[in-house]
Amino acid sequence: MKKFPLSSLILLTFASSSLLLASGTLRIITWKGYAPAELVKKFEKETGTKVELTYSNNEEMIAKLRATRGGGFDLAQPSQDRISGVQAKFHIYKPIDYSRIKTDQIVPSMLAAVKKNTKVGDASYAVPFCYGTSGLIVNTKAAPDAKDYDALWNPKYKGRISYRLKRPTLIATAFALGYDPFAAYHDKAKYKKIMQAVEKKLIEAKPLVKNYWANGDQLLGMMRTGEVTVAMGWDNGGWKLHAENPDIDFVAPKSGALGWIDTFAIPAKSKNLDAAYAWINFMLRPENAAYFTNKEKYGTASANASKYLKPEIKADFERSFTKADIDNIKWYPPVPAGIEEIEGRILDHIKAAR
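Counting starts from 1 at the beginning of each chain's written sequence and moves along it residue by residue. Given that the model is predicted, a residue must reach a pLDDT of at least 70 before its local features are reported, and side-chain atom pairs must reach 80 or more before they are shown or counted; all residues, however, enter totals for whole chains, interfaces and linings. Side-chain figures throughout are based on the complete set of non-hydrogen atoms in the structure, without hydrogens or water.

Enquirer: Tell me about the overall build of the chain, residues and numbers included.
Expert: The secondary structure content of the chain amounts to 14 helices and 15 strands. A principal-axis box enclosing the C-alpha atoms of the chain has dimensions of 85 × 45 × 30 Å. For each residue, the accessible area found with a 1.4 Å probe, counting protein chains only, is set against the maximum for its type, and the residue is called buried under 20%, exposed over 50%, and partly exposed in between. Taking all 354 residues of the chain together, the buried fraction comes to 51%. His is not counted here, nor are the chain ends, while Lys and Arg score as positive and Asp and Glu score as negative. By convention, the charge on Lys lies at NZ, on Arg at CZ, on Asp at CG and on Glu at CD. When the 52 basic and 37 acidic side-chain charges of the chain are each reduced to a single mean position, those positions are 3 Å apart. By the criteria applied, helices consist of DSSP H or I runs no shorter than four residues and strands consist of E runs no shorter than two, each listed in order from the N terminus.

Structure representation (structure tokens):
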């Protein structure tokens, strides 16, 4: 039998793997904007793999993967809080082999959160891709001391406060009062007590609130005119206002901004695992992740992308988030049954209170 040097075997193995990858197609089900055409072309040129995109959302992704028992796609991009419950019931994803992920490219706190929040049994099922947050939008000239959610019930800002009367406000208030509502998710009695404390605080605060904003345009309009100087809102809204008026900005609250993460997950019947892992690593490569953020304005889980960001976008993130602020983001975990019912009753009580 003819023997080959080890170096030749390594090269042969690498070449074979590359040929397999090059001969395949990568079928991705994702959100619109998450796979920019320029990056698709770059990936196809680098790997020889053809990329096929299907645009979707969480509900449709789950429905399609349930219908095929995890078939039809090689890679999916669900939100991290929509994975573990579905996986436990329907087994539509493969466990992630993190040895195939270049984890040094990923913000450690985001990777840890996603591993924790997508864990079923002994395995985890996702890799973080991008994120967004809600916190405070503040006119820093009119409300220089607004650094945490407690500004939403500070008498100094009476009549100039606004927020949505929705579950994020309940959760933010709980954190500001010193509770950890997410840690109480699996203890309904404890969660109900926390929400009752939140209810009491927000009912006490009603005379201070100008209104409960119903849509983003309404909030931005009130901040522009100065009718509102402290509000709960999302990061991109604050940064949009800052571009118009440097006195207004998004502030990451001391008790933690609330954050969502969209991920990469591998369907159970993925036919091109090599390409799926290659795409994940490719999209988290700093220069590629920065291209995505520059285009879509969402934060990236890529650890070293900031040096490739456009100056104005980099400035937004750096003004609003220190590394400690990023690590302190409270990422939404999966919501157990019964939690939203408790919150719904609390919201009804607050609305009805006079």
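Enquirer: Please provide a residue-by-residue account of the packing of aromatic side chains, values included.
Expert: The description of two aromatic rings rests on the distance between their centres and on the angle between their planes. Centres within 6.5 Å make a pair out of two Phe, Tyr or Trp rings, where for Trp the six-membered ring is used; the pair is then stacked when the planes are under 30 degrees apart, edge-to-face when over 60, and tilted otherwise. All chains considered together, the criterion is met by 22 aromatic pairs. Here the aromatic rings of Tyr34 and Phe292 are separated by 5.6 Å at their centres, their planes lie at 90°, and the arrangement is edge-to-face. In this pair, Tyr34 sits in the loop between strand 1 (25-30) and helix 2 (37-47) while Phe292 sits in helix 11 (residues 286-296), placing the two residues 258 residues apart along the sequence. Residue Tyr34 is classed as buried on the basis of its relative accessible area, which comes to 4%. A residue is classified by how much of its surface remains accessible, and Phe292, at 0% relative accessible area, is buried.

Enquirer: An account of the sheet that holds strand 2 (residues 50-55) is needed here, citing residue identities and associated values.
Expert: Strands are labelled as partners when DSSP assigns at least two bridges between them. Pairing is parallel in the open sheet, where 3 strands are placed in the order 2-1-3. At either end of the open sheet lies a strand with only one pairing partner, and these are strand 2 and strand 3 (75-76). In this structure, strand 1 lies alongside strand 3, joined through 2 bridges in parallel fashion. When the bridges of strand 3 are listed, Ile29 appears paired with Ala76.

Enquirer: Tell me about the nonpolar core, and name the residues and values.
Expert: Side-chain atoms within 4.5 Å are what join buried Ala, Val, Leu, Ile, Met, Phe, Trp, Tyr and Cys residues into a set we call a nonpolar core. Counting 73 residues, the largest nonpolar core has Leu75, Val127, Phe264, Trp279 and Phe321 as the members making the most contacts within it. In this description, contact between two residues means that some pair of their heavy atoms is separated by no more than 4.5 Å. If sequence neighbours within four positions are ignored, Phe321 has contacts with Thr133, Trp239, Phe250, Ala252, Ala257, Ile326 and Ile329. Judged by nonpolar contacts, the second largest core, of 38 residues, contains Val138, Ile194, Leu202 and Ile346.

Enquirer: Could you give an account of helix 10 (residues 273-283), with specific residues and numbers?
Expert: Burial analysis of helix 10 places 8 of its 11 residues in the buried class, which makes it a mostly covered element. Burial in helix 10 covers these residues: Ala275, Ala276, Tyr277, Trp279, Ile280, Asn281, Phe282 and Met283.

Enquirer: Provide a residue-level description of the pattern of salt bridges, including the pertinent values.
Expert: Here a salt bridge means any side-chain nitrogen of Lys or Arg lying within 4 Å of a carboxyl oxygen belonging to Asp or Glu. By the definition in use, this model includes 14 salt bridges. With a closest N to O distance of 3.1 Å, Glu46 and Arg285 form a salt bridge. Of the two residues, Glu46 is situated in helix 2 and Arg285 in the loop between helix 10 and helix 11; the sequence distance between them amounts to 239 residues. For Glu46, a relative accessible area of 44% puts it in the partly exposed group.

Enquirer: Tell me about the layout of surface pockets, residues and numbers included.
Expert: Using protein atoms alone on a 1 Å grid, points that fit a 1.4 Å probe yet trap it form a cavity, whereas open point sets bounded by protein on both sides within 12 Å along at least five of seven lines form a pocket; residues with an atom within 4 Å of a point count as lining. Grid points are joined across faces, edges and corners, and a volume is the space filled by probe spheres set on the points. Of the voids in this model, the largest pocket is the one considered here, and its volume is about 960 Å³. Counting only elements with at least two residues in the lining of the largest pocket, the list comes to helix 3 (58-67), helix 4 (84-90), strand 7 (127-139), helix 6 (167-176), strand 10 (230-234), helix 9 (235-244) and strand 12 (258-264). The greatest single-element share of the lining of the largest pocket, amounting to 4 residues, is contributed by strand 12. The calculated volume of the second largest pocket comes to roughly 560 Å³. Lining the second largest pocket are 22 residues, with Lys116, Asn117, Phe182, Trp331 and Pro333 sitting closest to its centre. Mapped by element, the contributors of at least two residues to the lining of the second largest pocket are helix 5 (108-117) and strand 15 (330-331). The element best represented in the lining of the second largest pocket is helix 5, accounting for 4 residues. Lys, Arg, Asp and Glu make up the charged group, whereas Ala, Val, Leu, Ile, Met, Phe, Trp, Tyr, Cys and Pro make up the nonpolar group; the residues left over, Gly among them, are polar. Its residues assigned to classes, the lining of the second largest pocket shows 11 nonpolar, 6 polar and 5 charged.

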